[in-house]
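Next come the chains, spelled out residue by residue.
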Amino acid sequence: RLQSSTSAHTRKVKMAALTVSFAGKIGATAPRVANARAAGRVGAAPAVRGTPLRVKSASSRVASRDSLRVAATATEAPLGVFKLEYDISKDDATKSADWKEPVIVAVSGAAGQISNHLLFKIASGEVYGVDQPVALRLLGSERSREALEGVAMELEDSLFPLLREVSIGIDPMDVFVDADWALLIGAKPRGPGMERADLLEMNGAIFVEQGKALNAVAKPTCKVCVVGNPCNTNALIAMENAPNLDRRNFHALTRLDENRAKCQLALKAGVFYETVTNVTIWGNHSTTQVPDFVNAQIGGEKAMDVIDDNEWLETDFTPAIQTRGGLLIKKWGRSSAASTAVSIADAIKSLVTPTPEGDWFSTAVCTDGNPYGIQEGIIFSMPCRSNGDGSYEIVDGLEINDWLRERIKKSEEELTKEAECVSHLTGKLGGACELVGEKADTMLPGEA
């Protein structure tokens, strides 16, 4: 808690207190404390309910002209992103009496369009729960530093009671400190004429760095959701570079594909979306993905029986889901952002709330020990359920007919080839990249 030199009183705030700090680099890299968790950095630990928020001032920590971590003094004006003067001991006790301990959520690509929709959902309590305070750690780049400040200002001005802290930075070694969740949204888009192998290589370097940062400073129990494409193999790269984290805690986002599949099945059946359950997306987040209508249900009945049109399911429904992102770009002029943010929120909620009895959800996870014979050591979308504590189990026993088996195998082969392309980034030797040329390539949903 920073105190004014001209007043003995701290600023009284009735709303929940919000701390904002900036952790970035200007010019040379700042000296880094060997043990980040023990360093007591600004923003390294969220406020604990019922106690004052304590923030180290610039004079009480190692200073560096090359490192910007602003702790504003009471004489600076106006109040804004870098003002750290709050006393949460005066919080309304009835509001926070049943709150859990704050959860630290790190988000990369935090100045992008997807994050612009997602962050406000998280801060409002929609994602982690109305009794779950959150501390947001926002990762951007040198180019997006000022945009990050704008994001933090909007979060401040929204007065979310559950939002206890916002930190912004451009170094994952700072931003990922003690993270409970890491939502890796940022990635470089595919440029004109770029081979898929080139895209893997370009983004691979990003996820090597972020994986190593998670390994060094995040909590060992950190849950990681990779959104930046190609998300399955980016998640693999991050996972292989973070051996201190449980491999089961790495996910690649295929929930948007599941949501799209549910929508199309509902429209065809003439029912509302919530009656569609048990939808699985198998495989890669690419045009080889397999939306499973064989095991899907509508109103508790098999979707195939309700729709009773196998030709539509195989020749219309399946490619419609596989190419939905590209069609949206043609209509909208840009890739999906709002619906992606909604699907990220859905994916997290599926892990922090118990799965309804008999249902499941789709997420791409590590295939080690999977019950379907999928090659181990890749990130592959499968049906999962959760007891609500962030963990999951792969749902066994689904019907895999010949039509599904053939297409699941194709997606598995593609992911195996992707893994070989990035073997030099995952500590494996001898891989050869075969994803060269149009015939060996598949476009990602959302790419024109």
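Residues numbered from 1 in each chain as written. Predicted model: local features only at pLDDT ≥ 70, side-chain atom pairs only at ≥ 80, totals over all residues. Heavy atoms only, no water.

### Considerations on helix 12 (residues 402-421)
Each α-helix winds once per 3.6 residues, and so residues spaced three or four apart point in a common direction. Definition in use: Strands are runs of DSSP state E lasting at least two residues, helices are runs of H or I lasting at least four, and both sets are numbered from the N terminus onward. Helix span, as expected, comes to 1.5 Å for every residue beyond the first. N or O atoms within 3.5 Å of each other form a polar contact, as long as, within protein, one can give a hydrogen and the other can take it, and as long as residues adjacent in sequence are counted only when both atoms are side-chain atoms.
Its 20 residues place the ends of helix 12 29 Å apart at the C-alpha level, agreeing with the 28 Å of an ideal helix rising 1.5 Å per residue. One side-chain oxygen at the N-terminal end of helix 12 lies 3.2 Å from the backbone nitrogen of W403; it belongs to N401.

### Some points on the packing of helix 2 (residues 113-124) against helix 11 (residues 338-352)
The cut-off we apply is this: Simply put, an axis is a line fit to the C-alpha atoms, just over the touching stretch for a helix, and the angle between two N-to-C directions goes from 0 to 180 degrees. Here the word oblique covers every angle except those under 35 degrees (roughly parallel), over 145 (roughly antiparallel) and from 65 to 115 (roughly perpendicular). If you view the pair so one helix is near and one far, a crossing is left-handed when the near helix is turned anticlockwise from the far one by less than a right angle, and right-handed when it is turned clockwise. Contacts were defined at the residue level, with two residues in contact if any of their heavy atoms lie within 4.5 Å.
As a packed pair, helix 2 and helix 11 sit with axes 8 Å apart at the nearest point and diverge in direction by 40°. Here helix 11 runs oblique to helix 2, going by the angle between their axes. Between helix 2 and helix 11 lies a crossing of right-handed hand. Contact with helix 2, carried on its side by I114, H117, L118 and K121, involves A338, T340, A341, V342, I344 and A345 of helix 11 and no other residues of that element.

### Let's talk about the environment of L159
Counting through the fold element by element, L159 comes out in the loop between helix 3 (145-157) and strand 5 (163-169). Along the backbone, L159 and A123 are 36 residues apart, and their C-alpha atoms lie at a distance of 9.3 Å.

### A word on the packing of aromatic side chains
To describe a pair of aromatic rings, you give the distance between the ring centres and the angle between the ring planes. The condition is simple: Each pair of aromatic rings taken from Phe, Tyr and Trp, with Trp reduced to its six-membered ring, is defined by centres within 6.5 Å and is described as stacked if the planes are under 30 degrees apart, edge-to-face if over 60, and tilted in the remaining cases. Each residue gets one of three labels from its accessible area relative to the maximum for its type: buried under 20%, exposed over 50%, partly exposed in between, using a 1.4 Å probe on protein chains only. Distance and angle both matter: a charge sits over a ring if NZ of Lys or CZ of Arg is within 6 Å of the ring centre and within 35 degrees of the ring normal.
If you walk through the whole model with that rule in mind, you get seven aromatic pairs. Summarising the aromatic geometry, the rings of F293 and W403 are spaced 5.0 Å apart at their centres and angled 50° between planes, so their arrangement reads as tilted. Remark: W403 occurs in helix 12 and F293 occurs in the loop between strand 11 (290-292) and strand 12 (297-298); sequence separation between them is 110 residues. Each member of the pair F293 and W403 is classed as buried. Each residue in the set F293, W312, F317 and W403 is aromatic and connected to the rest through ring pairs, giving one cluster. Sitting over the face of the ring of Y392, R248 holds its NZ or CZ atom 4.3 Å from the ring centroid.

### Notes on the pairing of strand 3 (residues 103-108)
The test is simple: Pairing between two strands is assigned when DSSP locates at least 2 bridges connecting them. Looking down the strands as they point away from you, a crossover is right-handed if its path from the first strand over the helix to the second goes clockwise.
Taken across its six residues, strand 3 has six buried, putting it largely inside the fold. Here strand 3 shows two buried faces, one formed by V103, V105 and V107 and the other by I104, A106 and S108. Sheet topology places strand 3 next to strand 4 (residues 134-139); six bridges connect them, and they run parallel. When the sheet's bridge partners are listed, A106 is paired in strand 4 with R137. For the crossover that starts at strand 3, traverses helix 2 and ends in the parallel strand 4, the hand is right-handed. As paired elements, strand 3 and strand 6 (residues 181-184) share four bridges and run parallel to each other. Looking across to strand 6, one finds that V107 is bridged to L183.

Remember, this is a structural readout, not a statement about activity or role.
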